[in-house]
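Chain by chain, the residues:
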Amino acid sequence: GPTGLTGPMGPTGPTGATGGAGAVGATGPTGATGATGPTGPTGPTGPVGDIGATGATGATGPTGPAGLTGATGATGATGATGPTGPTGPTGPEATITPAAAVPDVDDTPTPDEVGETLNQLLASLRAAGFLAT
C-alpha cells in the first residue's frame, strides 16, 4: 500500500566519545619577515687586553726641507779700541798773517763793549785762519 506520512523528529541523542587525533597535516608556506625589533641596551665594556709586542723599527724617512732663515740679530757690542797707529809726517809750517789789533778793555766795560770786543777778536782769529767762517 501507500507510504505513510513521516513522523515527528525524535530528541537529540547523547554526545558520543571523542575520537582519536588525526594525522598531522603538511607544513604550510613560510610567512613574511616581521619588522626589526628595537636595539637592546649596550653591554658592559670588557677588560683591557694585554699590551702587544713592540713592532720592528721602520725605515728612515727622506731628509726634510731646510728651515727658514731667522731674522737678523741685534748689533753686537763695540769691540775694544785697537792699538794706536804710527805718527804721520809733520805737515808744512803755517803762515801767520797779521790781523787787526784788538783794543784793550777798560776796567769796567759795558755789556755792549764786551760783545763788540769779542766780535773783533773772533774776526781776527778767522782772518788768521784759526776759525772757520
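The following refers to the structure shown. (Residues numbered from 1 in each chain as written. Predicted model: local features only at pLDDT ≥ 70, side-chain atom pairs only at ≥ 80, totals over all residues. Heavy atoms only, no water.)

## What to know about the overall build of the chain
Turning to step 1, where the next piece is worked out: On a plain count of helices and strands, the chain comes out with 1 helix and 0 strands.
Turning to step 2, where the next piece is worked out: A compact globule built from 133 residues should have a C-alpha radius of gyration of about 14 Å, whereas the chain, at 69 Å, is more than 25% larger.
Turning to step 3, where the next piece is worked out: Each principal axis of the C-alpha atoms in the chain carries an extent, and together these give about 205 × 55 × 30 Å. (Helix = DSSP H or I, 4+ residues; strand = E, 2+ residues; numbered from the N terminus. Rg over C-alpha atoms; globule rule 2.2 N^0.38 Å.)

## Remarks on helix α1 (residues 111–127)
Turning to step 1, where the next piece is worked out: The terminal C-alpha atoms of α1 lie 25 Å apart, and with 17 residues this matches the ideal 24 Å at 1.5 Å per residue to within 8%.
Turning to step 2, where the next piece is worked out: Trailing α1 by a residue or two, Gly129 shows a phi angle of about 90 degrees, which is positive. (Expected span 1.5 Å × (residues − 1).)

## Here we look at a nonpolar patch on the surface
Turning to step 1, where the next piece is worked out: Taken together, Leu118, Leu121, Leu125, Phe130 and Leu131 make up a surface patch of nonpolar side chains, about 440 Å² in accessible area.
Turning to step 2, where the next piece is worked out: Along the chain, Leu121 falls in helix α1. (Patch = residues over 30% accessible without salt bridge, like charges linked within 9 Å, V, L, I, M, F, W, Y side chains within 5 Å. Areas by Shrake-Rupley, 256 points an atom, 1.4 Å probe, with all protein chains shown as cover. Salt bridge = Lys/Arg side-chain N within 4 Å of Asp/Glu carboxyl O.)

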